[in-house]
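# What the coordinates show
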Amino acid sequence: MLLKELSEAIGVSGNEEKVRKIIEEYVKPHVDKVSVDSIGNLIAFKQGDGSYSLKVMLAAHMDEIGLMVTYINEKGYLHFRPVGGVDERILPGKRVLVGDKAIPGVIGLKPIHLLREEERSQVAPVESLVIDIGASDKSSAEKMVKVGDYATFDVAFQELGARRVKGKAFDDRAGCAVLAELVKERYPFDLYAVFTVQEEVGLRGAKVAAYAIEPDAAFSIEGTVADDLPKEKDVSPTARLGHGPAITIMDRTFVAFHPLVRLLVETAEAEGIPYQFKQPLVGGTDSGAIHLTKKGVPSATVAVPCRYIHSPASILSLDDFENTIRLMEAALKRLKPEHLRVE
Amino acid sequence: MIELIRTLTETYGPAGNETRIRQVLRDMVKGKVDELKVDALGNLIALRKGKGGRKVMLAAHMDEIGIVVNYVDEKGFLRFSALGGVFPHTLLGNRVEFENGVVGVIGVEKLESPDKVPTFDKLYIDVGAESREDCPVKVGDIGVFSRPLIAQGQRLIAKAFDDRIGCAVLVKLLEEIGDCEHDLYIVFTVQEELGLRGAVTSAYGIAPDVGIAVDVTRTGDTPEAPKMAVALGKGPAVKVKDARMISHPGVRQALIRAAEQNGIPYQLEVLEGGTTDAAAIQLTREGIPTGVISIPCRYIHTPSEMVDLRDVENAVRLLLAYLSSKELTE
Amino acid sequence: MNTFEVLKKLSEAPGVAGNESGVSQIVAEEFKKYVDELRTDALGNVIGLKKGTGPSSRRIMLAAHMDEIGLMVSEIEKGFIRFTTVGGIDDRILLGQEVIVHGLKPLPGIIASKPPHLLSPEERKKVTPKDQLFVDVGLPEEEVKALVRVGDFISFAAKCVRLQGDMASGKAFDDRASVAALVCCLEHLSQMKHRWDVYAVATSQEEMGLRGAVVSAYGIAPDLAIAIDVGFGDSLGLSDAETIKVGKGPAIAIGPNFHPALRETLVKIAQELEIPYQTEAIPGPSGTDAWAIQVSREGVPTALLSIPLRYMHTPVETLSLKDIERTGLLLAHFISRLEKFPPE
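Analysis parameters
Residues numbered from 1 in each chain as written. Chains lettered and ligands numbered in written order. Predicted model: local features only at pLDDT ≥ 70, side-chain atom pairs only at ≥ 80, totals over all residues. Heavy atoms only, no water. Contact = heavy atoms within 4.5 Å. Salt bridge = Lys/Arg side-chain N within 4 Å of Asp/Glu carboxyl O. Polar contact = N/O pair within 3.5 Å; in protein donor to acceptor, adjacent residues only side chain to side chain. Helix = DSSP H or I, 4+ residues; strand = E, 2+ residues; numbered from the N terminus. Nonpolar A, V, L, I, M, F, W, Y, C, P; charged D, E, K, R; others polar. Phe/Tyr/Trp six-rings, centres within 6.5 Å; stacked < 30°, edge-to-face > 60°. Buried < 20%, exposed > 50% of the residue type's maximum accessible area, 1.4 Å probe, protein only. Lys NZ or Arg CZ within 6 Å of the ring centre and 35° of its normal. 1 Å grid on protein atoms, 1.4 Å probe; cavity = no way out; pocket = protein on both sides within 12 Å on 5 of 7 lines; lining within 4 Å. Points joined across faces, edges and corners; volume = space filled by probe spheres on them. Domains from an automatic or database assignment. Buried area = accessible area lost by both parts, 1.4 Å probe. Core = buried A, V, L, I, M, F, W, Y, C linked by side-chain atoms within 4.5 Å.

## So, the interface of chain C and chain A
- Contact with chain C, which involves 23 residues of that partner, is made by 22 residues of chain A.
- One can count 0 salt bridges joining chain C with chain A.
- Linking chain C with chain A are 6 residue pairs in polar contact (both at pLDDT 80 or more), by the criterion used here.
- Residue assignment for the side of chain C that touches chain A shows that the elements contributing at least two residues are β15 (278–281) and α8 (289–294) of chain C.
- Looking at the side of chain C that touches chain A residue by residue, the class counts come to 12 nonpolar, 7 polar and 4 charged.

## Remarks on the packing of aromatic side chains
- Scanning all chains against the criterion turns up 7 aromatic pairs over all chains.
- Note on F45 of chain A and Y192 of chain A: the rings are 4.9 Å apart at their centroids and 50° apart in plane angle, and the pair reads as tilted. Taken together, the residues F45 of chain A in strand β2 (residues 42–46) and Y192 of chain A in strand β12 (residues 190–196) connect sequence positions 147 residues apart.
- Exposure remark for F45 of chain A: the relative accessible area of 18% places this residue in the buried category.
- Ring geometry for F157 of chain A against F170 of chain A: centres 6.1 Å apart, planes inclined by 75°, an arrangement best described as edge-to-face. With F157 of chain A in the loop between β9 (150–153) and β10 (158–161) and F170 of chain A in helix α5 (residues 170–182), this pair connects stretches of sequence that are 13 residues apart. Taken as a pair, F157 of chain A and F170 of chain A share a single burial class, namely buried.
- Taking NZ or CZ as reference, K294 of chain A lies 4.0 Å from the ring centre of Y211 of chain A, over its face.
- It is R162 of chain C that lies over the ring of F4 of chain C; its NZ or CZ is 5.7 Å from the centre.

## Some details on empty space enclosed by the protein
- This model, assessed by the stated rule, comprises 4 cavities of 30 Å³ or more.
- The volume enclosed by the largest cavity comes to roughly 260 Å³.
- Contributing to the lining of the largest cavity are 21 residues, with A256, F257 and H258 of chain A together with A40 and L41 of chain B lying nearest its centre.
- Elements that contribute at least two residues to the lining of the largest cavity include exactly α7 (258–271) of chain A together with α2 (19–29) of chain B.
- Of the residues contributing to the lining of the largest cavity, the split by class is 10 nonpolar, 8 polar and 3 charged.

## Structural notes on the domain arrangement of chain C
Residue and element names in this part refer to chain C.
- Domain parsing of chain C yields domain 1 (3–68 + 171–337) and domain 2 (71–156).
- The C-alpha-based centres of domain 1 and domain 2 are spaced at 32 Å.
- Each partner contributes residues to the interface: domain 1 has 12 residues there, and domain 2 has 11 residues.
- Interface of domain 1 and domain 2: buried area, both sides summed, is about 910 Å²; carbon and sulfur atoms make up 71% of it.
- Contact with domain 2 buries surface across domain 1, with V16, H313 and P315 losing the most and accounting together for 45% of the total.
- Counting across the interface, domain 1 meets domain 2 through 0 salt bridges.
- Of the residues contributing to the side of domain 1 that touches domain 2, the split by class is 5 nonpolar, 4 polar and 3 charged.

## Description of the nonpolar core
- By size, the foremost hydrophobic cluster in this structure holds 72 residues, and its most contacted members are L25, L58, F188 and Y322 of chain B.
- With sequence-adjacent residues up to four places away left out, L58 of chain B is seen in contact with L170, L173, L184, Y185, I186, V187, I212, L319 and L323 of chain B.
- Core analysis: the next-biggest nonpolar cluster, separate from the first, contains 66 residues, V19, I247, A256 and F321 of chain A among them.

## Digging into the interface of chain B and chain A
- The partner chain A presents 28 residues to the 32 residues of chain B that form the contact.
- For the pair chain B and chain A, the two sides together bury roughly 2,200 Å², of which 61% comes from carbon and sulfur.
- Ranking the residues of chain B by area buried against chain A places Y71, R197 and Y204 of chain B at the top, with a combined share of 26%.
- The tally of links from chain B across to chain A stands at 1 salt bridge.
- The residue E109 of chain B makes a salt bridge to K233 of chain A at a minimum N-O spacing of 2.6 Å.
- The tally of links from chain B across to chain A stands at 7 residue pairs in polar contact (both at pLDDT 80 or more).
- Listed by contribution, the elements that provide at least two residues to the side of chain B that touches chain A are α2, β4 (66–72), β5 (78–83) and α4 (197–206) of chain B.
- Ranked by the residues each element gives to the side of chain B that touches chain A, the list is headed by α4 of chain B, at 5 residues.
- Residues that form the side of chain B that touches chain A fall into these classes: 13 nonpolar, 10 polar and 9 charged.

Shown next, in the form of structure tokens:
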């Protein structure tokens, strides 16, 4: 299963090579050309059937949040800093894999017995934490890892039953897996499926890819927040697991192009695919960079809802995942030049 | 001029949904320009051709701040988020209006203390619905402040002077300008309040030689206001610096010269917070000499912003004087 | 070149972000000795082109920012000047600082506040916020009004001095130390052969948000870029984990902002030539011109060299002159060896 392989691959922002290799191998037989640009984006090009002379860009980001080793101290512990928006609450007591050789390590902490009362209720700041790879001192640690090495959480992909799966980095390997299926079809326009880098540190891969491609329209495919836990109040769950792909109206980084949102909704209704709207103004995606490219690009975002993103283990519904593929495939086939006009 | 300003401020047009205000502006400038188009983000771009001078981009943003509905609860109450710089203290007891004309009242769950402003998660909108099913507003709908314009002597009070007053200045400029040396690209931008987005793409598309934004600025002339050397009624302000940009010294000087040679009152502006479309225009392509003319405005981003009509008229005069010169930078 | 003399000239010139004309003249004078073309763009970036021997006309951009943090006149009150800050100013260092107000003519002034005798014991322990400070230029109110306007820039007046050994101290070493390294690199290159066209850029408005780098990178459209900036040197109150060591050579940065092959090439050359270097891991936004240049147009493979610096953003920034020279030397050798990129 591609999703499993992608979820377990290590690819923190700035070091996406392993993920890129898996995807490249998977999509190559289905597209006309693949290339890698200077920042590391993987661009798969598939010529259209000639109906419209349009360029449509699809983007899903390969990178995941993680950690970077910034200093190795005399005792052989690794000091680190987060890469991207890591929730500091979740760091202590986690297993990690460090560097290209995936050296196992743990994020250790003071045992509860020795904590002062006020320390128990406080989140340990990241500066106070270290990764322990079991090295006896600096020089033995330096044989295994070096400053600048990335680390990710050591989490296995798992099927939970009820068509739900658990794993790390569904944000946005779920989107990558969706995109990898979408390129199997031929569409009435030229397709540029871009597996972007460095989304988590500021939408940087998408920015340069969109500049180079100059698309007429763009869709980002994401793994997004499902906050459907029990709540005290009747307020938005952002998105719900099992309720279909989440369509963005607007988020922190862009306002979705209205005619494209309508296309997605009409497609879902015509094809009987469940869908939901994501809570407005939450999060951001590659569309934020793409839509501001050159003279502007009509853009939209569709996401697979995932619980607990930006933590070591998130959960998604395979029904949502498959419905995202169905929705995007059907919508792309219906896309016409008139969907790109401002009303 | 007041009627023009009234129409502009009272028209619905929040960031991300500028369709209606764009239509109003389109009707206002139609017939006064040589070309009129809308780009992929929704910016309205009007070109008035000159006689072979420079390409000048004049930008005022047509979007206004608002609130976005993010949830409709079972009983038909709306939860919402701020669209742009909206603050809870301006919302309590206030009314918002949606595109379909529905008006909602802002309520608070319970007031913990009269001295403390509640946060957004404690606020909701009541449109009088009895259930989720009969609620006339849905997730993603945008509400704006519901306020008519009031003219009191030279002082005007309305919502959305930021930046419909800039739009009014540019519409008026088109009415009054005769022959001009330069190609004028008058741009009514979108989504300024969400991060200068419309200015980014329109400036790229136009690739102007010079950029000027017309927007509002804060004043320091109210009781115990944070220090600032700009006052209402003392003339339009020529921006030196704000939080994101420093105006091109040559453009700034040319604006000052235009004001001084024509006896137009003006002020110099150093703004601590906030910025304008000019910050984005300046960074376009290889960099564009860019300046800003600001209309002094009290109570920005509240339902009752206040400007002085004389400042508005003098801003039009200043632009006319500036554009009549062959040299737009010094 | 005499590194200290060049650094001193650069350091002592005024050039607050947005008003770099004072320092840009000095930069132009220094660049002119070595480059084939020189221009200033719309945002005030000084761009020198030193042509390569070809055959292809590939371009490498070297960027070091010449702007400095400073102040700006916000209001004039009874002849005293209130100010706002330009760039990241530490309020703690303001009181008692000597400055120059760039009015109709340059006016020396000092940053003043209520004298300590009139402060309550609690007030004495608190940093005086900038809205309670003002610049006194010692002139009568009418003269101040005639000479100074809202929006005039104010720069720090600090002498650049030699300390013991090869250490020096002064203002605006962030990032004119790197401009000095650029000059040093150009001087080496004038004695070396290089195939690529070299664009040496002293960027403007870095302290306002990398603004000069954004437009100059767009204009040059380089095939490769190296930004040179200062990094936190080991000093009082900072742990080894968060600093690089002054006097131990430039740091070659690693992280998402930097192209791995470009970085590795720099490391290899430093090792071969035995130029001391350090490693600086930057897990996210580097906050330097490199951050802007990397995503210019279709993307630019970018690296960052950091010169270790103590007391950043104060008028007594302190560094090792050797680190500047090593940075210039490493850059020159990298450029002279440059053929294909990425290397095969």
